[in-house]
Structures are given as C-alpha cells and as structure tokens.
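Each chain, written out:
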Amino acid sequence: MNLDCKHVWEHISEYIDKTVDAGLRKDIELHLEHCEICSAILDSTRNILILTADDRTFELPVGYSKRLHERLKDEIEKSKHEPPVGETK
Amino acid sequence: MGTMETNEAGLIARILAGEKELFHDLIRPYERMVYLTLFAIVKNETEAEDGAQEAVISAYRHLASFRGDAKFSTWLTTIAINQGRRRLRKAKGAAEESIEEQADSREGDFTPAPLTDWREIPLEALERKELREALRTAVAELPDIYRQVFVLRDLEEQNIEETAQALGINPGAVKVRLHRARMMLQKRLVPFLKTTAPARRGFFGRAL
C-alpha cells in the first residue's frame, strides 16, 4: 500500500518503538526509501530520543546522591530503635 | 542462598528481616529515576531533590507493603509520582486540578516539522551542548501529561506497561501521549536539529 506522509507521521512513534505490525512496518519502510522529508523527520526524532537518554542531558544536582544517602542513613539509624521496617506507622 | 542474595528480591527480604543498611544498595540503581520523576512533576531542582528524599524515605518505611507483583522500580516510581503530585498541590493550592483531568482529547497539532536542509549541514556544525540545553527547556515546557509520560518512557526508559501502571493510565494513553510529546519536541527542536547529523537507522530500538 502506498502511504502518504501524514499517515507515516502518525505512526512514527510506534515505528521507533517497533510496535507497528509487520505489514504497516513494511509500508512505512517502503515510503521512507524514497521520501527525504519523512526520513529526516524520523532521524531527527530518533536523535532527540538518543539525546534524551544521554545522562549528560538531564543531570542530577551536584551532591544529590550523597545528601540522599546521608538522609537515609539517619532514617535507618532512627528506625533501629523501632520494630522491623514496614511494621512502623 | 548465594547469588539470590544479590538480586532485588533477596535484598528486600534481608532488609525486612533486619539488615536495614542494605536499603542503601537497593535504592542506588534508582536514585536517578526517582529524581527525574520528581523533576518531571515539580519542575524545580530543590523541590525535586527534597521530594526525591521524601519518596526514598517513604519507600524505606513502607517496604513491607511492597508485594512483589509489580516491579520494585514501578512501585518506587508510583511513590515518587505521588510525592510529586502532593508537592504540586501544596505549591499551587487547592485550585490545582487533578493532573489526570487534563484531557487527552484536546485538539492540537501534533504533526512533526519537516527539515528541508539538514543533510547539507556538515558534522563539524554539531553543537550538542546547545542542543541539550534546548532539549531540557523544551521538555520542561511540555504540557504536564505529555512530559510525565515522555520522562518515564524516553528518559528513564521504562516500558509502556510500567509507565501506564505508574501513572495510573492505560497503555493506549501512554502511546498517544508519548507520540504527541515526541512530535512536539521534534517540532520545537528543528532549528537546532538542522545542525545535527542523522542517527544511523535501526540504532534506536527497545523492547515494548
């Protein structure tokens, strides 16, 4: 089946996640082979996702982990004088 | 028990049996996820960090109520989401409507933007730092319901089922919101993407 661009765009996300069925996948691939615009949209969307998953894009505050474990350490110390975890409260 | 002790279920059993310090090890792989989940909701570094601490402490206190029918990460994400929503309500007052009440059906343009000249831009023009900054801003400015799904799926790399469970929505809604979020980001970032080399096709894939 010949897909138009708009149809391809509607399924780009699922195509990236590989959740489109085999038939549609084939049609999309066929379309992408000769459509520069849709190829560019697909590639740019993928680039965004790669960049999103890159740890350097969304960084944690400096010292976050240290502060978290210090807080947790205090909590654990406190709870030692209480019944086992989960039975409190 | 041997290797059993190194896995999550084993750790949890030992913590509940009294080896409380092991909770540090249990939580370590998820620290980043907890923070990002909080940040996706409260959009403020200090609030997100305070909330992340509260969520972790809460998970510690209520560990015995973790049943093991969901993944530990999903259970923890749910705690983080609840913590974030509580903070948001507190910050915005009672006027804040429930996050889930924002409708999916809202009309909008969720089509991507075409890039016409990206192939001509040389690799040297890559300015990833600038692009990263633009991406952070664009994600922060997504409508709440889209940002939360996007963060769980594409930043934390949780699957559709886990995301649906954590947010209390159905998998179909996860797919719709994710698609819209991605398209909004694509459109928003086109001016920056023109300086980005295309990724190799087939590189980015993950299990459902």
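What you are looking at is a predicted structure, and each value in this text was computed from that prediction instead of being measured.

Draft legend 1. Inspection of the nonpolar core at higher detail. Formed by 85 residues in total, the largest nonpolar core has its most connected members in Phe23, Val34, Phe72 and Leu185 of chain B. With residues up to four places along the chain from it excluded, the contact list for Phe23 of chain B reads Leu72 and Ile76 of chain A together with Ile15, Val56, Ala59, Tyr60 and Leu63 of chain B.

Draft legend 2. Up close: the packing of aromatic side chains. For the structure on display, the rule yields 8 aromatic pairs over all chains. These aromatic residues form a ring-pair network of at least three members: Tyr30, Phe66, Phe72 and Trp75 of chain B. Directly above the ring of Tyr15 of chain A sits Arg25 of chain A, whose terminal nitrogen or CZ lies 4.3 Å from the centroid.

Draft legend 3. Main features of helix H7 (residues 144-155) of chain B. Across the 12 residues that make up H7 of chain B, a large majority, 12, are buried. Of all the positions in H7 of chain B, only Asp144, Ile145, Tyr146, Arg147, Gln148, Val149, Phe150, Val151, Leu152, Arg153, Asp154 and Leu155 of chain B are classed as buried.

Draft legend 4. View of the interface of chain A and chain B. Taken together, the contacts link 57 residues of chain A with 63 residues of chain B. Surface buried jointly by chain A and chain B totals about 5700 Å² across both partners, of which 62% is contributed by carbon and sulfur atoms. Counting the contacts that link chain A with chain B gives 8 salt bridges. One salt bridge connects Arg71 of chain A with Glu54 of chain B, and the closest N-O pair in it is separated by 2.9 Å. Those elements that place two or more of their residues in the side of chain A that touches chain B are helix H1 (5-10), helix H2 (12-16), helix H4 (36-53) and helix H5 (64-79) of chain A. In terms of residues, the side of chain A that touches chain B owes the most to one element, H4 of chain A, which gives 17 residues.

Draft legend 5. Spotlight on the pattern of salt bridges. Inspection of the entire model under this criterion finds 21 salt bridges over all chains. Where Asp17 of chain A meets Arg182 of chain B, a salt bridge forms, and the shortest distance between an N and an O atom there is 3.0 Å. With Asp17 of chain A in the loop between H2 and helix H3 (22-34) and Arg182 of chain B in helix H9 (residues 171-193), the pair connects residues from two separate chains. The partner of Arg28 of chain B in a salt bridge is Asp25 of chain B, with the nearest N and O atoms 2.8 Å apart. One connected set of salt bridges, linked through shared partners, spans Asp17 of chain A together with Arg153, Asp154 and Arg182 of chain B.

Draft legend 6. Representation of the packing of H5 of chain A against helix H3 (residues 31-42) of chain B within the structure. Where H5 of chain A meets H3 of chain B, the axes come as close as 11 Å, and the angle between the chain directions of the two elements is 100 degrees. With respect to their mutual orientation, H5 of chain A and H3 of chain B come out roughly perpendicular. On H3 of chain B, the residues that touch Tyr64, Ser65, Leu68 and His69 of chain A of H5 of chain A are Glu31, Val34 and Tyr35 of chain B.

Draft legend 7. Local environment of unusual backbone geometry. Look at Lys18 of chain A: it is not a glycine, yet its phi comes out positive at around 60 degrees. Looking at the secondary structure, you find Lys18 of chain A in the loop between H2 and H3. A positive phi angle, close to 60 degrees, is found at Glu157 of chain B, a residue other than glycine.

Rules behind the numbers
Residues numbered from 1 in each chain as written. Chains lettered and ligands numbered in written order. Predicted model: local features only at pLDDT ≥ 70, side-chain atom pairs only at ≥ 80, totals over all residues. Heavy atoms only, no water. Core = buried A, V, L, I, M, F, W, Y, C linked by side-chain atoms within 4.5 Å. Buried < 20%, exposed > 50% of the residue type's maximum accessible area, 1.4 Å probe, protein only. Contact = heavy atoms within 4.5 Å. Phe/Tyr/Trp six-rings, centres within 6.5 Å; stacked < 30°, edge-to-face > 60°. Lys NZ or Arg CZ within 6 Å of the ring centre and 35° of its normal. Helix = DSSP H or I, 4+ residues; strand = E, 2+ residues; numbered from the N terminus. Buried area = accessible area lost by both parts, 1.4 Å probe. Salt bridge = Lys/Arg side-chain N within 4 Å of Asp/Glu carboxyl O. Axes fitted to C-alpha atoms, helices over the stretch in contact; angles between N-to-C directions. Parallel < 35°, antiparallel > 145°, perpendicular 65-115°, else oblique.

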